[in-house]
Amino acid sequence: MRDLVRETDLLPRHLIYPLFIVPGSGLRREIQALPGQFHLSPDEAAAEAAAARAEGVGSFLLFGRPPEGGKDPQGSGAWDERGAVQQAVRALRAAVPESLLITDVCLCAYTDHGHCGVVRGGDVDNDATLPLLARTAVSHADAGADVVAPSDMMDGRVGAIRSALDAAGHPHVPVLAYAAKFASGFYGPFREAEDSPPAFGDRRSYQLDPGNARQALAEVALDLAEGADMVMVKPALGYLDVLAAVRAATTAPLVAYNVSGEYAMVRAAERAGWADGTALALEILTGIRRAGADAVITYHAREVARALGRR
Ligand code: PBG
């Protein structure tokens, strides 16, 4: 009877699994701040995706970084056609042809100052950043990405990316906008993994103030008006009210990001012997779904897909 009356489903098809791609080959190194997650070269990422696919995970979000010493003020490694992400997209396309490949579009892992855009006069220059993001998105689509996901939070980037994709012959590549992305301490482990903390200041001039839910709705509306096909709320756990509000305000597919700090907290409690990590993950992800997310980006994807398969 409980099955009959259950209101909220959590299924492997709702999960998007992030992968951290590094240049090279044969590399699979555990990320210290994200136990159970790995830095993967494109070939190893393809193997990881194939294993996840066999467990029922069919969607992947790819993050990259440049080779050692490859950062510059513009973040030009982001649109290198031989970059780690671009190579990984091609490798995954071959290894898991039926899977959905989403790429994160941002500059922070590629700029020598660690900001998500180019810096002028000590702050991020929003408009000068737009063409660079657009170029990055096109390079991902050229490599075979199914969906591009800008995470930079510059104003106007969805429109700039949409026009650039259309002009480059990718009218069918949708944009998943990190629309309501808050300036959060929960990105800490990710920034360690990506080596992308800002060298000065913080991201509060372009990411949202955690106190602002109405502004989040305004950001979602702007991104949709610019042509976003799907929108995201990030982080998830501290922002379930925002997720529910966005769900009520739009018909667009809604994605939540269960971010690195949320994952690391669960793993830390598990390591201390204080909780069953997988049970926490199932409950957290069900809560995120119940709040209104159609899909959830989560480092727990494989573990949860396996647990769901055992039920
Ligand atoms: C890049 C980006 C970040 C995350 C996703 N894309 C970090 C940031 O904005 O500093 C965070 C993901 C996570 O914490 O799991 N802009």
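For the structure given in this document, a descriptive report is provided here. If you're wondering where the values come from, they're calculated on a predicted model, not measured in any experiment. (Residues numbered from 1 in each chain as written. Predicted model: local features only at pLDDT ≥ 70, side-chain atom pairs only at ≥ 80, totals over all residues. Heavy atoms only, no water.)

1. Quick look at the pattern of salt bridges
Reasoning step 1: In this structure the tally under the stated criterion is 16 salt bridges.
Reasoning step 2: Of the charged contacts, one joins arginine 302 and glutamate 55 as a salt bridge, the two residues approaching to 2.8 Å between their closest N and O atoms. Of this pair, arginine 302 sits in helix α11 (residues 301-310) while glutamate 55 sits in the loop between α2 (42-54) and β4 (59-63), and the two are 247 residues apart along the sequence.
Reasoning step 3: Taking the shortest distance from any N to any O, the salt bridge between aspartate 80 and arginine 82 comes out at 3.5 Å.
Reasoning step 4: Among the residues examined, arginine 82 registers a relative accessible area of 60% and is labelled exposed.
Reasoning step 5: One network of salt bridges, in which partners are shared, links Arg28, Glu48, Glu55, Arg302 and Arg306. (Salt bridge = Lys/Arg side-chain N within 4 Å of Asp/Glu carboxyl O. Helix = DSSP H or I, 4+ residues; strand = E, 2+ residues; numbered from the N terminus. Buried < 20%, exposed > 50% of the residue type's maximum accessible area, 1.4 Å probe, protein only.)

2. Side note on the site of the ligand
Reasoning step 1: Close to the ligand lie 18 residues, the nearest being Lys181, Arg191, Lys234, Ser260 and Tyr299.
Reasoning step 2: Contacts to the ligand include glutamine 207, whose side-chain N or O atom sits 2.9 Å from an oxygen atom.
Reasoning step 3: Contact between the ligand and tyrosine 299: an oxygen atom at 2.5 Å from a side-chain N or O atom of the residue.
Reasoning step 4: Burial of the ligand by the protein chains amounts to 100% of its free accessible area of 400 Å².
Reasoning step 5: More than half of the atoms belonging to the ligand lie within 2 Å of the grid points that define the largest cavity.
Reasoning step 6: The residue makeup of the shell around the ligand, split by class, is 10 nonpolar, 3 polar and 5 charged. (Near = heavy atom within 4 Å. Polar contact = N/O pair within 3.5 Å; in protein donor to acceptor, adjacent residues only side chain to side chain. Areas by Shrake-Rupley, 256 points an atom, 1.4 Å probe, with all protein chains shown as cover. 1 Å grid on protein atoms, 1.4 Å probe; cavity = no way out; pocket = protein on both sides within 12 Å on 5 of 7 lines; lining within 4 Å. Sits in = over half its atoms within 2 Å of the grid points. Nonpolar A, V, L, I, M, F, W, Y, C, P; charged D, E, K, R; others polar.)

3. With respect to the packing of aromatic side chains
Reasoning step 1: Per the stated rule, a full pass over the model turns up 9 aromatic pairs.
Reasoning step 2: Plain terms: the ring middles of phenylalanine 20 and phenylalanine 63 are 5.7 Å apart, the flat faces sit at 20 degrees to each other, and that makes the pair stacked. With phenylalanine 20 in strand β1 (residues 15-21) and phenylalanine 63 in strand β4, this pair connects stretches of sequence that are 43 residues apart.
Reasoning step 3: Residue class for phenylalanine 63 comes out buried when judged on its relative accessible area of 3%.
Reasoning step 4: Here the aromatic rings of phenylalanine 63 and phenylalanine 190 are separated by 4.9 Å at their centres, their planes lie at 75 degrees, and the arrangement is edge-to-face. Of this pair, phenylalanine 63 sits in strand β4 while phenylalanine 190 sits in helix α6 (residues 188-194); the two residues are 127 residues apart in sequence, bridging distant segments of the chain. Residues phenylalanine 63 and phenylalanine 190 agree in their burial class; the two are buried.
Reasoning step 5: Site record: aromatic cluster; members linked through ring pairs are Phe20, Phe63, Tyr178, Phe190, Tyr257, Tyr263 and Tyr299. (Phe/Tyr/Trp six-rings, centres within 6.5 Å; stacked < 30°, edge-to-face > 60°.)

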